[in-house]
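Fold and geometry: a report
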Amino acid sequence: MALTTNKAVLNWIDEMAAMTTPDNIVWIDGSEEQAEALRAQAVATGEMIKLNQEKLPGCYYHRTAVNDVARVEGRTFICAPTKELAGPTNNWMDPAEAYAMASEIFKGSMKGRTMYVIPFSMGAIGSPFAKVGIELTDSIYVVLNMRIMTRTGKAVLDMLGDSEDFVHGLHAKCDIDEEKRYILQFPQDNTIWSCNSGYGGNVLLGKKCFALRIASYQGWKEGWMAEHMLILGIEQPNGETKYISAAFPSACGKTNLAMLIPPKEYLEKGYKVWCVGDDIAWLRINENGGLSAVNPEAGFFGVAPGTNEKSNPNALASTRKGTIFTNVVYNQNDGTVWWEGLDKNPPKGCDDWKGNPWDPESGVKGAHPNSRFTAPAANCPCISPKWEDPAGVPLSAIVFGGRRAKCAPLVYQSRDWNHGVFVGSIMASETTAAASGAVGVVRRDPMAMLPFCGYNMGDYWQHWLDMGKKLTNPPKVFNVNWFRLNENGKFMWPGFGDNFRVLEWILKRCEGSVGADETAIGYVPKAEDINLEGLDYTIEGDKKMDIDALREILKVEPSYWLEDVASIKELYAKFGTHLPKELADELDRLEANLTK
Ligand code: GTP
Ligand code: SPV
Ligand code: MN
């Protein structure tokens, strides 16, 4: 039974069903009864395993195909009318060609299967900033994940009414054939087609495909921004809460920073961190001429390995109920899960993420490095009371960052908004397991949006600059790097909860209550202004983190930076007339500063 009379919705579903020929069509109404029936069905077919309901109530386990464990950037396309609109950093396909090519793949792909219709909202239902999507999929796993990651069901269709303004998402598992895997975005048509994958970012179409690729395009047209950012609030001892958003590339620490627990000394003084979001932020100009951020998602699709009671207790607590685990170790003895870095006691007699018997002593990893949990945000012990506030939260600071073994100091501040846009545009980071391909290779990843910008990134930078012109009260812009290594390959900074020490400096800079050294790249802290009180970190052997070690990771080394300038020039050269003049000028200034 259709849950709406919206003609645009019904006609489109008819058209997609005529192409994919499912045996039947089921509308996802948002009810718990329907979800429970789908879970039971997925368990009966082996698509999911029900975990120990005493230890992990409402939790399930899923394995993807071994060839289908991460986003596939090489097979992700922006299908805009011209290649120039997609820009030099995106794969491009002509829309007509893309529809024709993919139609052949989708044709008859749901024969013998059910098509589920998932109406979903990105943003709290009823919020003026929320946007509607509908995903058609033949995967129960996708339905159950979308129920956690977004707001789904009939209420969304009621909000949509007769409007034609919704994202049209089509997903079919097909044969999970890598050679026929395509993630196609049609920003001008509000449309996403995804086939031959069953993995997270490729198939949960509300997430990267809509809330970043399509939404970034919409933001460009409508005067707002969609960013790959966490959002957090820092409650100060005086009760006031300040908000920060931060863009780090995939698997570079957003979930961890968003849920951070400050060091003991700060907790005792009354500081507390609240999580508003861990992956995506939609930013709009507010009535004070500043930027406010909303988290369009309703759950966390977080990296499992490395998550533990010490590194991120809030994330771990979020996964103790109503969570779907994908590609971690399955402990069939007690119906629980495990991953590398959870604790030092890997369970014996278990199956690894591929479903093979696994010996923890073998040296082979039991969980895939990009194994994930899908957990409701409401489970998070530090979820912000404002996480669903339709108006969003006002930002004091925007932070960029990445994994850089060398070069980038622990933290620095841009001189002003335009320089901040430059700092975001020159971001680089070592690649991670979140996308298929080599891991650990430094690549430029502007604003952590390289895989997610739905249009020409030169125009996207111009949009950032144009937004700045409209902001009378812009957030201050910073860059951080938790990942500097010493000559022996050891992390020089403790990271995790101790990153709060850097956030404190950032807030003090926003208030203007602390000085800094002006360097070639921007404002760098004086070492004595970062509070190391109570810090207990041994870098290696018996070398403890102290103020001298801190000085080392605050250093700006011109030789490294000049190498970076050369690589930034290569990136910028790709954009031709789409490169904003302001950024070219900033690059000249950086080079001049470094060679002075
Ligand atoms: P996506 O969900 O892929 O967008 O990633 P994310 O940015 O949310 O990454 P996440 O917070 O899950 O971090 C992934 C990896 O970074 C894990 O292996 C963490 O252990 C590691 N990590 C996070 N924060 C820190 C830190 O402060 N220092 C160090 N050394 N590692 C960190
Ligand atoms: C990322 O890769 O940045 C993720 C995971 O957050 S996915 O949803 O698969 O894109
Ligand atoms: Mn992400």
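Here goes a summary of the coordinates provided. Everything quoted here is computed from the prediction, not taken from an experiment.

For the manganese ion (ligand 3), the protein coordination sphere consists of K208 (NZ), H228 (NE2) and D279 (OD), at 2.2 to 2.3 Å. Each donor residue of the manganese ion (ligand 3) lies on the same chain, and together they follow the pattern K-x19-H-x50-D. Of the two residues, K208 sits in helix α8 (residues 206-222) while H228 sits in the loop between β12 (225-227) and β13 (229-235), which places them 20 residues apart along the sequence. Just as K208 is buried, H228 falls in that class too.

Right, let's talk about the packing of aromatic side chains for a bit. Per the stated rule, a full pass over the model turns up 28 aromatic pairs. Measuring from centroid to centroid gives 5.7 Å for F400 and W464, while their planes differ by 50°, and the two rings are tilted. One end of the pair, F400, is in strand β25 (residues 393-401); the other, W464, is in helix α13 (residues 457-470), with 64 residues separating them in the sequence. We note that F400, like W464, is buried. Through successive ring pairs, a cluster of aromatic residues spans Y99, F106, F186 and W193. Above the plane of the ring of Y266 lies K269, whose end atom (NZ or CZ) is 5.2 Å from the centre.

Where helix α12 (residues 417-425) contacts helix α17 (residues 581-595), the axes come no closer than 10 Å and their chain directions differ by 80°. As judged from the angle between their axes, α12 and α17 are roughly perpendicular. The residues of α17 that touch α12, namely those facing N418, H419, V421, F422 and S425, are E582, L583, E586, L587 and L590. Residue composition of the contact of α12 with α17, grouped by class: five nonpolar, three polar and two charged.

A few words on the site of ligand 2. Every residue close to ligand 2 is listed here: R71, Y199, G201, K207, K208, H228, S250, D279, F301, R372, A434 and F452. K208 places a polar side-chain atom, nitrogen or oxygen, 2.5 Å from an oxygen atom of ligand 2. When the free accessible area of ligand 2 is taken as 290 Å², the share hidden by the protein chains comes to 98%.

When you tally the buried positions in α12, you get eight out of nine residues, the bulk of the element. Among all positions in α12, only W417, H419, G420, V421, F422, V423, G424 and S425 are buried. Its side-chain oxygen at 3.3 Å from the backbone nitrogen of N418, D416 defines the N-terminal cap of α12.

Enumeration over the complete set of coordinates arrives at 31 salt bridges. Note that K131 and E222 form a salt bridge whose closest N and O atoms lie 3.2 Å from each other. Residue K131 is located in strand β7 (residues 131-137), and its partner E222 is located in helix α8; the two are separated by 91 residues in the primary sequence. D548 is the salt-bridge partner of R551, the closest N and O atoms lying 3.0 Å from each other. Taken together, the residues R551 and D548, both in helix α15 (residues 547-554) and three residues apart, mark about one turn of the helix. Note on R551: relative accessible area 41%, which makes it partly exposed.

Another point: the side chain of S121. Relative to the helices and strands, S121 is located in strand β6 (residues 114-122). One polar contact links the side chain of S121 to the main-chain carbonyl oxygen of G123, over a distance of 2.8 Å. Among residues more than four places away in sequence, those in contact with S121 are A130, K131, T150, R151, V156, M159 and P296.

About the thresholds
- Residues numbered from 1 in each chain as written.
- Chains lettered and ligands numbered in written order.
- Predicted model: local features only at pLDDT ≥ 70, side-chain atom pairs only at ≥ 80, totals over all residues.
- Heavy atoms only, no water.
- Donors = N, O, S within 2.8 Å, 3.2 Å for Na, K, Ca; no water.
- Helix = DSSP H or I, 4+ residues; strand = E, 2+ residues; numbered from the N terminus.
- Buried < 20%, exposed > 50% of the residue type's maximum accessible area, 1.4 Å probe, protein only.
- Phe/Tyr/Trp six-rings, centres within 6.5 Å; stacked < 30°, edge-to-face > 60°.
- Lys NZ or Arg CZ within 6 Å of the ring centre and 35° of its normal.
- Axes fitted to C-alpha atoms, helices over the stretch in contact; angles between N-to-C directions.
- Parallel < 35°, antiparallel > 145°, perpendicular 65-115°, else oblique.
- Contact = heavy atoms within 4.5 Å.
- Nonpolar A, V, L, I, M, F, W, Y, C, P; charged D, E, K, R; others polar.
- Near = heavy atom within 4 Å.
- Polar contact = N/O pair within 3.5 Å; in protein donor to acceptor, adjacent residues only side chain to side chain.
- Areas by Shrake-Rupley, 256 points an atom, 1.4 Å probe, with all protein chains shown as cover.
- Salt bridge = Lys/Arg side-chain N within 4 Å of Asp/Glu carboxyl O.

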